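# Overview (structure and organization)
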Amino acid sequence: MAVYTLPELPYDYAALEPVINPQIVELHHDKHHAAYVKGANDTLEQLAEARDKEQWGSINGLEKNLAFHLSGHILHSIYWHNMTGDGGGEPLAADGVGDLADAIAESFGSFAGFKAQLTKAAATTQGSGWGVLAYEPLSGRLIVEQVYDHQGNVGQGSVPILVFDAWEHAFYLQYKNQKVDFIDAMWAVVNWQDVARRHAAAKERGDSLLLAP
């Protein structure tokens, strides 16, 4: 049986218009995300075969493939829920997300400073990648990270709570090569309620990162 499965979208294909058109959402979820799920499952089977046969010549490639496909599955699973057609603006206490708003202000000085940093991080990823807002458990602060492809440039143990997909398949049919325009538009569909729930959950389990026995 497959270990990983493709989650259903929490809305219909047209729910994010005009920021993201239905064709992109359908292709992105049904084809690209599905390919990462299949890739992760296939790689697990290949690793099991390597163990059974005690043949380790391809171990480096298999481990990299597992990280690539699994990270793609995880990041996309967050991505879909990070967005809503009724989103945008900034997190406010009046909307029940005051703790998140305070954490952003404490970690970045202001919402404007945070927005500028995440926008630049996402828009300047070299090649394919992501801009990520993550909870960093050692400091208890929020940090912005760049993810190249689906790997690298992340603090180990940090928990992604808001992700901006900067791969071309996320925007090219609609925005052509204007990645910055797409990232700027993304702020209009951010689901702050979802981001706040992820932040609260990350804080609750933040002390689970063991640095010493």
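Look up: the structure comes first, before these words.
What you see is a predicted model; the values in this text were computed from it and never measured. (Residues numbered from 1 in each chain as written. Predicted model: local features only at pLDDT ≥ 70, side-chain atom pairs only at ≥ 80, totals over all residues. Heavy atoms only, no water.)

What follows is about the sheet that holds strand E1 (residues 129–136). Sheet architecture is open: three strands sit in the order E2-E1-E3, paired in antiparallel fashion. The sheet is open, and its two edges are formed by strand E2 (141–148) and strand E3 (159–165), each paired on a single side. Ignoring which end each strand starts from, the neighbouring axes of this sheet average 25° apart. Contacting E1, E2 and E3, helix H2 (residues 59–81) runs over the sheet at an angle of about 80° to E3. Packing of helix H4 (residues 111–123) onto the sheet brings it into contact with E1, E2 and E3, and relative to E2 it is tilted by some 15°. (Pairing = 2+ DSSP bridges. Helix = DSSP H or I, 4+ residues; strand = E, 2+ residues; numbered from the N terminus. Axes fitted to C-alpha atoms, helices over the stretch in contact; angles between N-to-C directions. Contact = heavy atoms within 4.5 Å.)

All right, on to the packing of aromatic side chains then. A full pass over the atoms with the stated rule returns 14 aromatic pairs. With centroids separated by 6.2 Å and ring planes inclined at 55°, the aromatic side chains of Phe 68 and Trp 167 adopt a geometry described as tilted. Of this pair, Phe 68 sits in helix H2 while Trp 167 is found in the loop between E3 and helix H5 (172–175), placing the two residues 99 residues apart along the sequence. Aromatic side chains Phe 164 and Trp 187 sit 4.9 Å apart centroid to centroid with 70° between the ring planes, which places their arrangement in the edge-to-face category. With a gap of 23 residues between them, Phe 164 in strand E3 and Trp 187 in the loop between helix H6 (179–186) and helix H7 (192–204) connect regions that are remote in the sequence. By the burial criterion, Phe 164 is buried, and Trp 187 matches it. Members of the aromatic cluster, each reached through a chain of ring pairs, are Phe 108, Phe 111, Phe 114, Phe 164, Trp 187 and Trp 192. (Phe/Tyr/Trp six-rings, centres within 6.5 Å; stacked < 30°, edge-to-face > 60°. Buried < 20%, exposed > 50% of the residue type's maximum accessible area, 1.4 Å probe, protein only.)

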